[in-house]
Amino acid sequence: MKLLKKYKYLILFVTYFAIFFYGPHIYLQQKDAIQPSIDWLFKHSLAIFAFINMMVFLLVLIVYLKAKNSVERYIRLFQDNLQTGFKSELHPKEVNLDNIDSADEQMTLLEEKSERLLNIASTTTQVFSVLTLVFYLALFRISTTPILTTIIFLVILSTSWAWLAKACDNLKLAKEPRLNDVRHTSDYVAFIFEQLDEAKKLAIYKASHRSYKMSQKFFPLLLITLSVGMNQLNFGILPVLIVGTIWIFQTVTYNIEVFKHSKKAT
Amino acid sequence: MPLFNELKVYRTIHGMNQARLAELADVSRQTISLIERGDYSPSVTLALKLARIFDTTVEALFTYQED
């Protein structure tokens, strides 16, 4: 396992190369045997994707409803806890922590549950929102699905995922009574970060930095793979340009923000 | 983390739960929970604010011990 961890990027790199060199090779060798099924998949890709999309949407909707239930219970408990209270005359050394009311523990459990469910719902929502657009725009020409059906499905799926994304965001905000005043202001997205307390800000900093570092490792691998694909498999230069542009954009915006903050600090 | 705290003890003495303390300190309940568990070291401002709520000193609430 240690070796696997140590050489994980090398293994990933070799796997990418193997897929791009041997994948098409095997495909070309067995082309006649698998061609009909591949053709069928491509022709019906939009219909299959729409079906999968709907199924996933229903599953995520169930997860969302469970999360909503947990959040509502959490808010009720939070409001109840604000009302209760007592004044003890004990000295700090005399306090027995085992006798403390379990309301806090209940709230922590509910909080963790709702966070977990909401994370699953919003991550799947974001992934499928992107997949829906990419799939429909990329496979629009080769599919045999009628144009009107395609457009109807595209509109239905996009709006459903957009609604779910918004609902997840609202649910996350509902847990923060401190943010109630700014929820309906026009620039609340920019404002909301400033309103978060210090522990949450730190969590966002850590998550953003980790995500930045991960993508900095992923982009070169993807770029090399696409460059090989461009030369060996006629991918064209466009994917290489797009990934390169995204990589440059991310690096430049990150470094500008770092510069702004370091300037403030000096 | 070498920072230890007596937040839970003081909270119990004053009959507060995490939600109430969070409201008084103007932070989220999760922040209070993280501080109590020792997973997060509060800023100087928040530490002073918590000490003021419990009418005590920061040293009484938080202690620093080398590993």
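A few points on the structure.

How each quantity is defined
- Residues numbered from 1 in each chain as written.
- Chains lettered and ligands numbered in written order.
- Predicted model: local features only at pLDDT ≥ 70, side-chain atom pairs only at ≥ 80, totals over all residues.
- Heavy atoms only, no water.
- Helix = DSSP H or I, 4+ residues; strand = E, 2+ residues; numbered from the N terminus.
- Contact = heavy atoms within 4.5 Å.
- Areas by Shrake-Rupley, 256 points an atom, 1.4 Å probe, with all protein chains shown as cover.
- Buried < 20%, exposed > 50% of the residue type's maximum accessible area, 1.4 Å probe, protein only.
- Phe/Tyr/Trp six-rings, centres within 6.5 Å; stacked < 30°, edge-to-face > 60°.
- Core = buried A, V, L, I, M, F, W, Y, C linked by side-chain atoms within 4.5 Å.

## Looking at the overall build of chain A
- Scanning chain A for helices and strands turns up nine helices and zero strands.
- Put simply, 72% of the contacts in chain A that link residues at least 6 apart link residues at least 24 apart.
- For chain A, the accessible surface area stands at approximately 18,400 Å², while carbon and sulfur atoms represent 68% of it.

## As for the environment of Asp104(A)
- Secondary-structure assignment places Asp104(A) in helix H5 (residues 103–139).
- C-alpha separation for the pair Asp104(A) and Leu77(A), spaced 27 residues apart in sequence, amounts to 9.3 Å.
- Residues within four places of Asp104(A) in sequence aside, it is in contact with Asn81(A), Arg11(B), Asn17(B), Gln18(B), Ala19(B) and Arg29(B).

## Looking at the environment of Leu241(A)
Residues and elements named next belong to chain A.
- As for its position among the elements, leucine 241 is in helix H9 (residues 238–265).
- Residue class for leucine 241 comes out partly exposed when judged on its relative accessible area of 48%.
- Separated by 14 residues in sequence, leucine 241 and serine 227 place their C-alpha atoms 9.8 Å apart.

## Quick notes on the packing of aromatic side chains
- Under the defined criterion, the tally for this structure stands at seven aromatic pairs over all chains.
- Centre to centre, the rings of Phe219(A) and Trp247(A) are 6.4 Å apart; their planes meet at 35 degrees, and the pair counts as tilted. Highlighted residues: Phe219(A) in helix H8 (residues 198–232) and Trp247(A) in helix H9, separated in sequence by 28 residues.
- Ring centres of Tyr10(B) and Phe54(B) lie 6.0 Å apart, and the angle between their planes is 40 degrees; on these two criteria the pair is classed as tilted. Separated by 44 residues along the polypeptide, Tyr10(B) in helix H1 (residues 7–13) and Phe54(B) in the loop between helix H4 (44–53) and helix H5 (58–61) bring together distant segments of the chain.
- In this structure Tyr10(B) comes out as buried when scored by relative accessible area, which is 13%.
- Ring-pair connections join several aromatic residues into one group, and the members of that group are Phe57(A), Phe128(A) and Trp161(A).

## Observations concerning the nonpolar core
Residue and element names in this part refer to chain A.
- Among the nonpolar cores identified, the biggest contains 21 residues, and Val60, Tyr64, Leu118, Tyr136, Trp161, Leu164 and Leu171 are the most heavily contacted of them.
- Going through the elements one at a time, helix H4 (45–83), H5 and helix H6 (147–174) are the ones with two or more residues in this core.
- Among the elements that line this core, the one with the most residues is H4, at ten residues.
- Those residues in contact with tyrosine 64 that lie beyond four places of it in its chain are Leu164, Ala167, Cys168 and Leu171.

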